[in-house]
Amino acid sequence: MNGSSSQNSFFARLYHRWLSGSIGIPCKTISEDACHEVPHNFFSIFFAKILTQIGDRLINPKTTLIWLTNSLGVPSFFEGILVPLRESGSMLPQLFIASWVQKQSLRKHAWALGNALQGLFIFSLAFIPLLFKGVAAGWAITGAIAAFSLSRGLSSIAAKDVMGKTTPKARRGRLNGWVSSAGGFIAMAAGVTLLIQGNWTELGPVQFTWILSIGAGLWLLSVLLIEGIREFPTSSPISSEHFSKKRGPNTPGMSLLWKDNAFRTFVIVRALAIGSGLSAPYIISLAHKALDGRSFWLGVFIIVDGLSATLSSPFWGRMSDRSSKFVLRFAMSITTALLMMACTLSWIQIQGKTAMLTYPILFFLLGIAHSGVRLGRKTYIVDMAEGDQRTQYVSVSNSIIGIILLAMGAITSAVSLLSVPLALLVFAVCAGAGSLLAIRLPEVSDEEN
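Residues numbered from 1 in each chain as written. Predicted model: local features only at pLDDT ≥ 70, side-chain atom pairs only at ≥ 80, totals over all residues. Heavy atoms only, no water.

Trainee: Tell me about the packing of aromatic side chains, residues and numbers included.
Mentor: Scanning the model with the defined rule gives nine aromatic pairs in all. Relative to F47, the ring of F46 lies with its centre 5.1 Å away and its plane at 70°, an arrangement referred to as edge-to-face. Taken together, the ring pairs in this structure connect F42, F43, F46 and F47 into an aromatic cluster. (Phe/Tyr/Trp six-rings, centres within 6.5 Å; stacked < 30°, edge-to-face > 60°.)

Trainee: How would you explain the side chain of T142 if you had to name every residue and give the values?
Mentor: On the secondary structure map, T142 appears in helix α10 (residues 134–166). On the basis of relative accessible area, T142 is assigned to the buried category, the value being 10%. Look past the residues within four positions of T142 in its chain and what remains in contact with it is F78, I81, L82 and L85. (Helix = DSSP H or I, 4+ residues; strand = E, 2+ residues; numbered from the N terminus. Buried < 20%, exposed > 50% of the residue type's maximum accessible area, 1.4 Å probe, protein only. Contact = heavy atoms within 4.5 Å.)

Trainee: Tell me what's going on with the packing of helix α8 (residues 108–126) against helix α12 (residues 205–227), and back it up with residues and numbers.
Mentor: Across the interface, α8 lies against α12 with an axial gap of 8 Å and an inter-helix angle of 170°. With respect to each other, α8 and α12 are oriented roughly antiparallel. The handedness of the crossing between α8 and α12 is left-handed. The residue makeup of the contact of α8 with α12, split by class, is 14 nonpolar, nine polar and two charged. (Axes fitted to C-alpha atoms, helices over the stretch in contact; angles between N-to-C directions. Parallel < 35°, antiparallel > 145°, perpendicular 65-115°, else oblique. Left-handed = near helix turned anticlockwise from the far one by under 90°. Nonpolar A, V, L, I, M, F, W, Y, C, P; charged D, E, K, R; others polar.)

Trainee: Can you break down the packing of helix α15 (residues 261–272) against helix α19 (residues 352–383) residue by residue, with the values?
Mentor: Where α15 meets α19, the closest approach of the two axes is 12 Å, and the angle between their N-to-C directions is 165°. On the basis of their axis angle, the class for α15 and α19 is roughly antiparallel. You can see that α15 and α19 cross each other, and the crossing is left-handed. Here F263, F266 and R270 of α15 lie close against α19, whose contacting residues are R377, Y380 and I381. The residue makeup of the contact of α15 with α19, split by class, is four nonpolar, no polar and two charged.

Trainee: Tell me about the side chain of R377, residues and numbers included.
Mentor: Considering the arrangement of structural elements, one finds R377 in helix α19. By relative accessible area, which is 18% here, R377 ends up buried. When near neighbours in sequence (up to four residues on either side) are disregarded, R377 contacts F266, R270 and L328.

Trainee: Describe the environment of R107, naming the residues involved and giving the relevant values.
Mentor: Take R107: it is sitting in the loop between α7 (94–102) and α8. Sequence spacing of R107 and M163 is 56 residues, and the spatial spacing of their C-alpha atoms is 9.9 Å. Side chain to side chain, R107 and D161 meet in a polar contact 2.3 Å long. (Polar contact = N/O pair within 3.5 Å; in protein donor to acceptor, adjacent residues only side chain to side chain.)

Trainee: Quick rundown of the pattern of salt bridges? Include the residues and the values.
Mentor: Summed over the entire model, instances satisfying the criterion amount to four salt bridges. Across the pair D56 and R86 runs a salt bridge, and its minimum N-O distance is 2.7 Å. Residue D56 is located in helix α4 (residues 38–58), and its partner R86 is located in helix α6 (residues 76–89); the two are separated by 30 residues in the primary sequence. Residues D56 and R86 agree in their burial class; the two are buried. Between K165 and E231 there is a salt bridge; the shortest N-O distance is 2.7 Å. One end of the pair, K165, is in helix α10; the other, E231, is in the loop between α12 and α13 (240–246), with 66 residues separating them in the sequence. Here the two residues K165 and E231 agree in accessibility, since each one is buried. (Salt bridge = Lys/Arg side-chain N within 4 Å of Asp/Glu carboxyl O.)

Now the structure itself:
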C-alpha cells in the first residue's frame, strides 16, 4: 500500500488522534518510506504483542505452571528452576542469533519464526498433562519450557530491531507501555477467575490442555500480524563473508563491553536492576506464610499485579519517550525503598489484618516499580543505537543478563534458605547501587514528543 493510502486508513486516523496531535509523526530516526507506514505498523506491532502477552499470562511459570506441576505430582525441584529457565533461556543464545538476524534484509520474518516456534513448543507442553505424571512430567515440562525460551530469544532480538526500523523514537515507549497495560488487564482477569473458581489445583489435565492450547494458538495468530508489518529492506544486510572476516579479538559483540563505555554502564545498571523482578516470589512467600497460604490471596495478588501494570505502564511509557534514563533511575530508587521495607516487615513478622493490608499494597507498589524498570531499560536499549548496532547491543546485553540471572537466582536462592530478608536486602543494595550508577548514562531519548 502506498504512503498516501496508508495515511488515510482507519489506523492512521486513530494514530494521529491518540499520538501525533498537531505536530505530525516525528520521523527523524526512521526512513522516509517507513514514516508513511508508521500508523499501520504501530498497531500491527501493538496487537501482535498483545496476543503474546495473553499467551504469556496463560503459561506464566509463577502461576499456571506451578499449579500444573502440583496437580501432576511433580517434585518441587522442578518448580524452582522453571522461572529462571524461562527468563534466562531466552537471553543466553542471543549473541549467536544476532549474526543470523543481521543478515536478513527483512527482520520481521525472524520475529515471525520465533513466535511460530514458541507456539509449537507450547502446543507440545499442552499435551504433557494427558501423557505424564511425577518426575517424567517434570522433565517434559522443563524441556518444553527450555525450547520455548530459546525460541523466545529469536523473537526478542528481531522484535526490537523491527520496532527500531518502523516506529519513531518518540513513540516506542508508549507502544511498550500500552502493551504492558493491556497485559495488566489480562492478569486481572486471570486473578478474578481464580477467585471465582477458588482453587486452581482442582483443574484436571483436560482443562490444563485447553488453557495451554489457547495460549499456543495466540502465538501462532501473532505470526500473521507480524508478517503484515510493512517493513522496508535493510539497505545492506550483512553477509556471511562479513562475519567470517570479523571473527577474532575484534569481533563485534562482547568487545562492545570494553569499547563502548555507555553500553557497558547500561549493562551493569540493568544487571543491578534484576531484583525488581526476582524479588517478587520472595514477597509472595512472606505473604503466603502470613496469610496461611489460602488460595483466595493468590487471586488477590494476581489482580494486584495486573492492576499495577495497567495503571503505571502508560505513564512509564510516556515518560520513557521523554527520558528513559530518568525512568530507569527513578524506578530503581523506588525498588530500593520498597525492598528495604519488605526486609523490615519480614523481620517484624506481621500477621493478621496488618498483613492482609500491607502485603498487597507492597506488592502493588513493587509491580509499579518493576514496570518502570522494565519499560525504562527496554526503551533505552532501542533508542541508544540504530540499525545493526542496535541488534548487537540487544544480543550482547541479553546474553550477559541471562548468565547473571542464573547466577543471581542461584545465589539468592541459597541465601534465602538462611534468611528471606537477607535475600531481599541483597536485591535492595543492588538496586540502590544501580540507581546511582545510572547517573553516568547518557541521554538517548528524542526531545521531539
